[in-house]
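The lines below spell out each chain.
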Amino acid sequence: MELAEACGVQLAAYRPRPPASGAHGMAPPGGLDESGCWHCDVDGSSVASLGSEALTGYETLDAPPHYDFYANTQVFGRLRRCRPSLFQLHANAEVDSRPPLYEETRAEPMRDDSSEEDEEEEEQKEPPAEPTRFGWVQGVMIRCMLNIWGVILYLRLPWITAQAGIGLTWVIILLSSCITGITGLSTSAISTNGKVKRGGTYFLISRSLGPELGGSIGLIFAFANAVAVAMHTVGFAETVSDLMGEHGAVMVDRINDIRIIGIITVTCLLGISMAGMAWESKAQVLFFLVIMVSFVSYIVGTIIPASPQKQAKGLFGYKAEIFATNFVPGWRGPEGTFFGMFSIFFPSATGILAGANISGDLKNPTVAIPRGTLMAIFWTTISYLIISATIGACVLRDASGRLNDTLSPPSAGQDCAGLACGYGWDFTECIVNNTCSYGISNYYQSMSLVSAFGPLITAGIFGATLSSALACLVSAPKVFQCLCQDNLYPLIGIFGKGYGKNEEPLRGYLLTYVIAACFILIAELNTIAPIISNFFLCSYSLINFSCFHASITNSPGWRPSFRFYSKWLSLLGSVICVVIMFLLTWWAALIAFGVVFFLLGYTLYKKPAVNWGSSVQASCYNRALSQCVGLNHVEDHVKNYRPQCLVLTGPPSSRPALVDLATSFTKDLSLMICGNVVTAPPSASGVDKASSGSHVSWLNQRKVRSFYRGVLAAELRSGVNVLLQGAGLGRMKPNVLLMGFKEDRCSETPQDAHDYIATLHDAFDLQYGVCILRLKEGLDVSPSSQSHAAVSSEAEPQCSSLFQKKQGKKSMDVYWLSDDGGLTLLLPYLLTRRRRWARCKVRVFVGGDAAQREAQRDEVLALIKKFRLGFHDVEVLPDLYQNPRPASVHQFENMVSRFRLDPNPKQDSGSGPPRQQEEPWMITDQDLERNKAKSLRQIRLHEVLQDYSRDAALIVITMPVGMRGVCPNTLYLAWLDFLSHDLRPPVLLVRGNQENVLTFYCQ
């Protein structure tokens, strides 16, 4: 039956569509197999077709892109779609290749990594309880701001302003904020490189750098947070003890009072934490409001006129003279240096990871962590700048506090020192004798003095210390729980157990409480603060380094959606953190690094069996490419997937476009092998031609990092098979076959066309991805003894190809018509990372319905956004399912006519087997009939390419797959030929091996 006579066949009937009931958990027609997957019953066909019961060979198994193919999310009671395997798509028809279209998710709770953006979570009869989730304001910004604001803000910032002056204090503040800001940018980049689960800082570092550094810093960070609980609690207890002392209330003595108050306080905080994140969050909001009220009271106090009592203590309101005097430094005492003041102020800037540490309790960590952390750094920096400037413009450095130190009129201007003389006060005596008790150089409670209502500042101190202690008390167990669940270290696994709907680490809370209580008994801030600050700085340094390392390795899996970071800024931040560690307390820095190296050595020695796709593993793979060591220990992970290309070039010099295209994917970072099949009988001359060094010289002259492998074989297919199975070493082996299109299909024998497609099937059988490049000017991969064996003793001339030229602001059109695991999207992304293609705009085309065009576009755009590829232009093509024009159909029929089998051959009686068995490349009427719909689809797709991509720089299209035994090889080759012929742009036909090469998960 001729295609032109197929008036009754409508391509719209073959549009892939899921059964309407499948999304709601009901079964489509068919039944469950032993694996728990649904099979759709199609009467009389081993090839599933949801559009018709006719035996058409049009596999709707070849499913369009869908979220379920990449998600780990399991929704309660819903059937989940399964991507068909490569074997199911091209296997022999005699094998039952019906795919598992749906996978039942039985009565299982939703996994922790389920996303709030998953629109497919339908209402169920008894859905599991939804855990508490927080947005970026309450969950990250407020939490970070509370952790940054602390005792230093209230009790040390005025004194630092007096010592360094307003100008240098601003430098100290901005330098500290610059360091934390760089760390915040690095944290934002890491947290947006996939979905973040619980574990906070440990999770971010371990999944970026690997278990070696991640495990060591995770344990240190958890311990530092536990000790920080004690530090903040002791600060609160000291303030309470001082207030009690002012009113003559003493329980035992000052040290023991601090211990008693501290233990009672941390016990109350433990109760709030164990009550759940909802209660802890409410307490944080209360503390935040208290601090805000104290700030308002302080600002109002700078505006209202000062009373004589406050003037005696140095407060005179906003005065230009006071601002000018306090703007310059006034160093005093042994600590009176710039770095001395910096070392005292910098711990107040730590706390930016408080939001990231509860990543498992955030609604959308990839949005909340960057936005909340950076906003917290911005607003706290503004508050520090405002407070230092206002208090420096209102309060003198020195004042006596005595009301009788007013300047009497007879002695006005005589022997009076200081700015107070101009305001009617004489503080000369205390200034000369250095006995002044007030002023910002002497009185730590200057903010209480300035405040309109002093007790509000005390309340702010309570809020700042308690909120910081509570944040650390929550952060430490959550980080430690994730570390314990990964089983990197022995004897700590019991603390990984979670309780309740939110998996609360109750055992971790108790452990943190015990550690905090032990350090509270010390009751000395100066003893525990240096080590804590250095451990936090060590974490910041490693976060910055992990961001730099992931960027410098150029791993394809490093695709953070947060773009406002720089790898060199991250490296600078890492170095600065290390330098500051030694500037603050050199012995504490040595202790911190000693612990890190000890834990690092233990992890390297034990080699935990984890595979997180870290940047360290990616760089190890890159080192293996150049050093050829440890190849069997390289970890495979979807995050680190990069095309390792076997390029079927013949002599590489005769296929420069193929070589340059492969180099764009692999340049200096992954494996590339140029394969050359010399088709000749076994002989010494043939071996010499296959192993000639001139090919390697040409590659070196072109500065292409590639291995060369030549083989001698009787035919192309057998030679390519040898290359497919024998190329590589250990885990360093190719996973993508790149070859040129068979342009001489019409001039060579049908046997050659048959063998060419058989080569593709061999690659599919070996789980290779396949890419075919077709250029308008022609690119022939057909082997001839002369072309494959031509060897010159001289260096062959270098010629430029399309892939060595700058493309400018053109478009790169990607037709993502079938889901092959993401290789169709990954290759254009890798090209855009090259300078020559960086300015090209990537347009993604998918098939769809006209009635649901916008909804389908948004769905595909959301999926691509999860991959973090940076592609924003998606277009749905409803006309893809229209029938092609008759002229195009006739053109296709003429193309396959030379391979048609005569239905009425003249054969003598007693002849041998049928002609098709002798010539399997011949196409019968039955073959055309059963593949009619798919043939029309390729014809129509060619018309769409002509309409939409005429002016593109490159067309990347998902290559159709012909089922072996159902679709003759010559018909399959005709599909590829017609699909890509007469197109001005280069066409790259891509088919992955149906395994994911893209992921939207951190791990």
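Residues numbered from 1 in each chain as written. Predicted model: local features only at pLDDT ≥ 70, side-chain atom pairs only at ≥ 80, totals over all residues. Heavy atoms only, no water.

(A) Spatial organisation of the state of the cysteines. Summed over all chains, the structure comprises 1 disulfide. Each disulfide pairs two cysteine sulfurs, and for Cys 430 the partner residue is Cys 436, the sulfurs being separated by 2.0 Å. The sign of the 75 degrees torsion about the S-S bond sets the Cys 430-Cys 436 disulfide as right-handed. Given the relative accessible area of 2%, Cys 430 is considered buried. (Disulfide = S-S within 2.5 Å. Buried < 20%, exposed > 50% of the residue type's maximum accessible area, 1.4 Å probe, protein only.)

(B) Structural detail: the pattern of salt bridges. Evaluated as defined, the whole model comprises 18 salt bridges. One salt bridge in this structure joins Asp 765 and Arg 964, with 3.0 Å as the shortest N-O distance. Remark: Arg 964 occurs in the loop between strand E13 (954–958) and helix H33 (969–980) and Asp 765 occurs in helix H25 (residues 750–765); sequence separation between them is 199 residues. Taking the relative accessible area as the measure of exposure, Asp 765 reaches 36% and is therefore partly exposed. A salt bridge links Asp 977 to Arg 774; the nearest nitrogen and oxygen atoms lie 2.8 Å apart. One end of the pair, Asp 977, is in helix H33; the other, Arg 774, is in strand E9 (residues 769–774), and 203 residues separate them in sequence. In terms of burial, Asp 977 and Arg 774 fall into one category: buried. (Salt bridge = Lys/Arg side-chain N within 4 Å of Asp/Glu carboxyl O. Helix = DSSP H or I, 4+ residues; strand = E, 2+ residues; numbered from the N terminus.)

(C) Fine view of helix H2 (residues 136–148). Buried residues dominate H2, accounting for 10 of its 13 residues. Every buried residue belonging to H2 is among Gly 139, Val 140, Met 141, Ile 142, Arg 143, Cys 144, Met 145, Leu 146, Asn 147 and Ile 148, and all of these are buried.

(D) A look at the packing of helix H6 (residues 211–246) against helix H16 (residues 506–520). Contact geometry of H6 with H16 gives a least axis separation of 8 Å together with a crossing angle of 50 degrees. One way to sum up the angle between H6 and H16 is to call them oblique. The crossing of H6 and H16 is right-handed. Where H6 approaches H16, its residues Phe 223, Ala 226, Val 227, Val 229, Ala 230, Thr 233 and Val 234 are matched on the opposing element by Thr 512, Ile 515, Ala 516, Phe 519 and Ile 520. Its residues assigned to classes, the contact of H6 with H16 shows 10 nonpolar, 2 polar and no charged. (Axes fitted to C-alpha atoms, helices over the stretch in contact; angles between N-to-C directions. Parallel < 35°, antiparallel > 145°, perpendicular 65-115°, else oblique. Left-handed = near helix turned anticlockwise from the far one by under 90°. Contact = heavy atoms within 4.5 Å. Nonpolar A, V, L, I, M, F, W, Y, C, P; charged D, E, K, R; others polar.)

(E) Structural view of the environment of Cys 421. Position of Cys 421 among the secondary structure elements: in the loop between helix H12 (365–394) and helix H13 (428–433). Taking the C-alpha atoms as reference points, Cys 421 and Leu 407, 14 residues apart in sequence, are found 7.0 Å from one another. Beyond its immediate sequence surroundings of up to four residues, Cys 421 is in contact with Leu 407 and Cys 416.

(F) Representation of a nonpolar patch on the surface in the model. A cluster of nonpolar residues, Val 296, Ile 299, Val 300, Ile 303, Ile 304, Tyr 318 and Ile 386, forms a patch on the protein surface that exposes about 600 Å² of accessible area. Take the nonpolar patch: its biggest share by element is 4 residues, from helix H8 (residues 277–303). Secondary-structure assignment places Val 296 in helix H8. Taking the relative accessible area as the measure of exposure, Val 296 reaches 52% and is therefore exposed. (Patch = residues over 30% accessible without salt bridge, like charges linked within 9 Å, V, L, I, M, F, W, Y side chains within 5 Å. Areas by Shrake-Rupley, 256 points an atom, 1.4 Å probe, with all protein chains shown as cover.)

(G) Quick peek at the confidence of the model for the chain. Chain-level pLDDT for the chain is 78 on average; 80% of the residues reach the 70-or-more range. Predicted confidence is poor over residues 18–58, with pLDDT under 50, and the contacts of this stretch with residues over four places away or in other chains come to 98 contacts. This stretch, residues 104–131, has a pLDDT under 50; its non-local contacts, to residues over four places away or in other chains, come to 64 contacts. (pLDDT = per-residue confidence, 0-100.)

(H) Geometry of the pairing of strand E11 (residues 841–847). Note: strand E10 (residues 811–815) against E11, 5 bridges, orientation parallel. Along E11, the bridge assignment pairs Tyr 815 with Phe 845. Taking the sense of rotation as the criterion, the β-α-β connection linking E10, helix H27 (residues 823–832) and E11 turns out right-handed. Looking at chain direction, E11 and strand E12 (residues 873–877) are connected through 5 bridges and run parallel. Opposite Val 846, over in E12, you have Val 876 as the bridge partner. At this point the chain moves from E11, through helix H28 (residues 853–867), to the parallel E12, and the crossover so formed is right-handed. (Pairing = 2+ DSSP bridges. Right-handed = clockwise from strand over helix to strand, strands pointing away.)

(I) Molecular detail of the side chain of Ser 446. Residue position: Ser 446 is located in helix H14 (residues 446–450). Among the residues examined, Ser 446 registers a relative accessible area of 1% and is labelled buried. From its side chain, Ser 446 meets the backbone oxygen of Tyr 443 in a polar contact 2.7 Å long. When near neighbours in sequence (up to four residues on either side) are disregarded, Ser 446 contacts Pro 158, Ile 391, Gly 439 and Ile 440. (Polar contact = N/O pair within 3.5 Å; in protein donor to acceptor, adjacent residues only side chain to side chain.)

(J) Just the nonpolar core, in detail. Core analysis: the largest hydrophobic core is formed by 128 residues, its most contacted members being Trp 149, Leu 153, Tyr 154, Phe 345, Tyr 384 and Leu 537. With 16 residues, the single largest contributor to this core is H6. Look past the residues within four positions of Phe 345 in its chain and what remains in contact with it is Ile 152, Leu 157, Ile 160, Ile 172, Ile 173, Ser 176 and Tyr 384. Formed by 60 residues, the second largest nonpolar core is a distinct cluster that contains Ala 753, Phe 764, Val 896 and Leu 983. (Core = buried A, V, L, I, M, F, W, Y, C linked by side-chain atoms within 4.5 Å.)

(K) The side chain of Asp 257, seen in detail. Topologically, Asp 257 is positioned in helix H7 (residues 254–274). In this structure, Asp 257 is buried with no salt-bridge partner, the nearest side chain bearing the opposite charge being Arg 254 at 8.2 Å. In this structure the side chain of Asp 257 is engaged in a polar contact, spanning 2.9 Å, whose partner is the backbone nitrogen of Val 252. Once residues within four sequence positions are removed from consideration, Asp 257 is found in contact with Ser 241, Val 250, Met 251 and Val 252. (Lys, Arg positive; Asp, Glu negative; His and termini not counted.)

(L) Geometry of unusual backbone geometry. The phi dihedral of Leu 491 falls on the positive side, at around 70 degrees, and the residue is not glycine. Looking at where Leu 491 falls in the secondary structure, it is placed in the loop between helix H15 (454–485) and H16.

(M) Fine view of the sheet that holds strand E5 (residues 645–648). Spatially, 10 strands are ordered E7-E6-E5-E8-E9-E14-E13-E10-E11-E12 in an open sheet, and the strand pairing comes out mixed. Every interior strand has two partners, whereas the edge strands, strand E7 (707–713) and E12, have only one. This sheet shows a mean twist of 20 degrees between the axes of neighbouring strands, independent of strand direction. The pairing of E9 with strand E14 (residues 987–991) spans 5 bridges and is antiparallel.

(N) Inspection of the packing of aromatic side chains at higher detail. Inspection of the entire model under this criterion finds 30 aromatic pairs. Measuring from ring centre to ring centre gives 5.7 Å for Phe 562 and Phe 564, while their planes differ by 75 degrees; the resulting arrangement is edge-to-face. The exposure class assigned to Phe 562 is buried, which follows from its relative accessible area of 12%. The class for Phe 564 is exposed, based on a relative accessible area of 65%. The positively charged end of Lys 497 is found above the aromatic ring belonging to Tyr 499, 5.2 Å away from the centroid. Geometry around Tyr 829 places Arg 559 over its ring, the cationic atom sitting 5.9 Å from the centre. (Phe/Tyr/Trp six-rings, centres within 6.5 Å; stacked < 30°, edge-to-face > 60°. Lys NZ or Arg CZ within 6 Å of the ring centre and 35° of its normal.)

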